[in-house]
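Residues per chain are reported as follows:
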Amino acid sequence: ETTPLTALACHTLLRRAAIDVGADPEVHQLVQGGAAVGEILVEDSRVALLSATGSIRMGGTVAPKVAARFGRCLLELGGNNAAIVAPSADLELAVRGIVFAAAGTAGQRCTSLRRLIAHTSVADQLVERLATAYGQLRVGNPLDDGVLVGPLINERAFTSMQKALSRAVDSGGEIVCGGERVELVGPDAYYVRPAVVRMPEQNELVREETFAPILYVLTYDDIESAIALNNDVTQGLSSAIFTLDQREAELFIAGSDCGIANVNIGTSGAEIGGAFGGEKHTGGGRESGSDSWKAYMRRATNTINYSTELPLAQGIHFG
């Protein structure tokens, strides 16, 4: 209910596509509303498949109600995405991928980078490069050229970010840069500078998803422990590794318990066209990709007898 224009734009494109191919434009319907509208879809047995995108809390409410009427769900819920930076990584490439994934769209994507797991041998240098890059980020109108960081969606998002930063400091974290509000439009507009925070460990705060541009930096000594840190959250949407070591890359791809596992590219932006979705509390199911249509279809078995005979194996004779 906080992004009505996105739904309206998609609806308009689908209607235009239907008209272009000669289909009935009413094949797609849009109803705007809040939780009450969603509740109707959840509880109506005529809705065979409910595809829902939102928080883990929302999924925990929706899934049992749909299951109770023997409906099906396709859920795309939270993500707490991590990127591992190995000793062999191309740091210039890594910084580009990390900044875009962590700060792009003000950290308000399900695939935004939340956790950076850097090898102890490169962590200090990497953080220094990130701080330099973050200092050059333009915060402003996302429609303007050169702006990567637009506003947070509302006051609640801003308050949540500030609380998370405060908790990080209280638990021994160090805010390397960012986190402050930028006054650009007025009191009801919430623009912030993306934050980089070094954390001593992956605590409960880091395991939570804060839907804002906060990047927590952790360190590791061996690839197995890095993969374990990647997996040590309830969400399982996107993940990445920056390495020039093929064996490390293969270990990561095999070991990441996320629906998306990238090598030498960030956690967001490259998933378009691929099988999009996650594991664990992210919900399961795939919303795109070459075979995603199967989630929206039903499999049926049809046996057709064109003869006048019906052989039976049980040896029963009719007549």
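Above this text is the structure in question.
Bear in mind that the values here come from a model prediction, so they are computed numbers and not experimental data.

J.: Is there a simple way to think about the overall build of the protein chain in this case?
T.: Assigned secondary structure in the protein chain consists of 9 helices and 13 strands. Overall size of the protein chain, expressed as C-alpha extent along the three principal axes, is 90 × 50 × 40 Å. When contacts within the protein chain are restricted to residue pairs at least 6 apart in sequence, those whose partners lie at least 24 apart make up 63%. Here the protein chain has roughly 17900 Å² of accessible surface; of this, 55% comes from carbon and sulfur atoms.

J.: Just checking my understanding: could you explain the packing of helix α4 (residues 91–103) against helix α5 (residues 123–134) for this structure?
T.: It is at 10 Å that the axes of α4 and α5 come closest, and there the two elements cross at 55 degrees. With respect to their mutual orientation, α4 and α5 come out oblique. Between α4 and α5 lies a crossing whose hand is right-handed. Contacts from Leu91, Glu92, Val95, Ile98, Val99, Ala102 and Ala103 of α4 reach α5 at Gln125, Leu126, Arg129, Leu130, Ala133 and Tyr134. Among the residues making up the contact of α4 with α5, the classes are represented as 10 nonpolar, 1 polar and 2 charged.

J.: I would appreciate a short explanation of the sheet that holds strand β4 (residues 113–119) in the present structure.
T.: Note: strands within a sheet are paired through backbone hydrogen bonds, in either parallel or antiparallel orientation. Overall, mixed pairing links the 7 strands, which are arranged β5-β8-β9-β4-β3-β11-β12 in an open sheet. The open sheet terminates on both sides in strands that have one partner only, identified here as β5 (174–177) and β12 (260–263). Taking each pair of neighbouring strands and ignoring which way they run, the sheet shows an average axis angle of 25 degrees. Taken together, the 4 bridges between strand β8 (residues 195–198) and strand β9 (residues 214–220) define a ladder with parallel strand orientation. Bridge pairing in β9 places Val197 opposite Tyr216. Strand contacts of helix α9 (residues 246–255): β3 (81–85), β11 (238–242) and β12, with the helix running at about 170 degrees to β12, the strand carrying the most contacts.

J.: Help me understand the environment of Val42 in this model?
T.: Examined against the element boundaries, Val42 turns out to sit in helix α2 (residues 35–43). In this structure, the C-alpha to C-alpha distance between Val42 and Leu143, residues 101 residues apart in sequence, is 36 Å. The residues contacting Val42, other than those within four sequence positions of it, are Leu50, Val62, Lys65, Val66 and Arg69.

J.: What am I meant to see in the pattern of salt bridges here?
T.: Where charged atoms of side chains with opposite charge meet at close range, the side chains can pair. Evaluated as defined, the whole model comprises 13 salt bridges. Glu279 serves as the salt-bridge partner of Arg286, at 2.6 Å between the closest nitrogen and oxygen. A single network of salt bridges, built from pairs that share partners, joins Glu204, Arg207 and Asp232.

J.: What is the right way to read the packing of helix α8 (residues 223–231) against α9 from this model?
T.: Axes are the key here: two packed helices are described by the angle between their axes and the distance separating the axes. Two numbers describe how α8 lies on α9: the axes approach to 10 Å, and their chain directions differ by 30 degrees. Taken together, the axis directions place α8 and α9 in an arrangement best described as roughly parallel. Crossing of α8 against α9: the hand is right-handed. Across the interface between the two elements, Ile223, Glu224, Ile227, Asn230 and Asn231 of α8 pack against Glu248, Leu251, Phe252 and Gly255 of α9. Here the residues of the contact of α8 with α9 are counted per class, giving 4 nonpolar, 3 polar and 2 charged.

J.: What am I meant to see in the pairing of β12 here?
T.: Taking every second residue as pointing to the same face, the buried face of β12 carries Ile260 and Asn262, while none of Ala261 and Val263 on the other face is buried. Both β11 and β12 contribute to a ladder of 4 bridges, which runs parallel. Looking at the pairing, Ser238 lines up with Ile260 of β12. Considered for its hand, the β-α-β crossover made up of β11, α9 and β12 is right-handed.

J.: Even after reading the chapter, I still don't get the side chain of Arg114, so can you show me in this structure?
T.: Among the structural elements, Arg114 can be located in strand β4. The buried category is assigned to Arg114, whose relative accessible area is 3%.

J.: Help me out: how do you make sense of helix α6 (residues 155–170) in this one?
T.: Owing to its 3.6 residues per turn, the α-helix aligns residues three or four sequence positions apart on the same side. Taking 1.5 Å of rise per residue, the 16 residues of α6 would be expected to cover 22 Å, and the 23 Å separating its terminal C-alpha atoms lies within 8% of that figure. On the buried face of α6, the contacting elements are β5, β6 (181–182), β7 (191–192), β8, α7 (204–207) and β9. Capping the start of α6 is the job of one residue whose side-chain oxygen sits 3.3 Å from the backbone nitrogen of Arg156: Asn154. Where α6 terminates, the next one or two residues include Gly172, which has phi positive at roughly 95 degrees.

J.: How do you make sense of unusual backbone geometry when you look at a structure like this?
T.: Positive phi is not limited to glycine here, since Phe70 has a value of about 60 degrees. Here Phe70 shows up in the loop between α3 (56–68) and β2 (72–76). Phe70 sits in the exposed class, given a relative accessible area of 78%. Notably, Thr105 is not glycine yet its phi reads approximately 50 degrees, a positive angle. By the secondary structure assignment, Thr105 is in the loop between α4 and β4.

Analysis parameters
Residues numbered from 1 in each chain as written. Predicted model: local features only at pLDDT ≥ 70, side-chain atom pairs only at ≥ 80, totals over all residues. Heavy atoms only, no water. Helix = DSSP H or I, 4+ residues; strand = E, 2+ residues; numbered from the N terminus. Contact = heavy atoms within 4.5 Å. Areas by Shrake-Rupley, 256 points an atom, 1.4 Å probe, with all protein chains shown as cover. Axes fitted to C-alpha atoms, helices over the stretch in contact; angles between N-to-C directions. Parallel < 35°, antiparallel > 145°, perpendicular 65-115°, else oblique. Left-handed = near helix turned anticlockwise from the far one by under 90°. Nonpolar A, V, L, I, M, F, W, Y, C, P; charged D, E, K, R; others polar. Pairing = 2+ DSSP bridges. Salt bridge = Lys/Arg side-chain N within 4 Å of Asp/Glu carboxyl O. Buried < 20%, exposed > 50% of the residue type's maximum accessible area, 1.4 Å probe, protein only. Right-handed = clockwise from strand over helix to strand, strands pointing away. Expected span 1.5 Å × (residues − 1). Polar contact = N/O pair within 3.5 Å; in protein donor to acceptor, adjacent residues only side chain to side chain.

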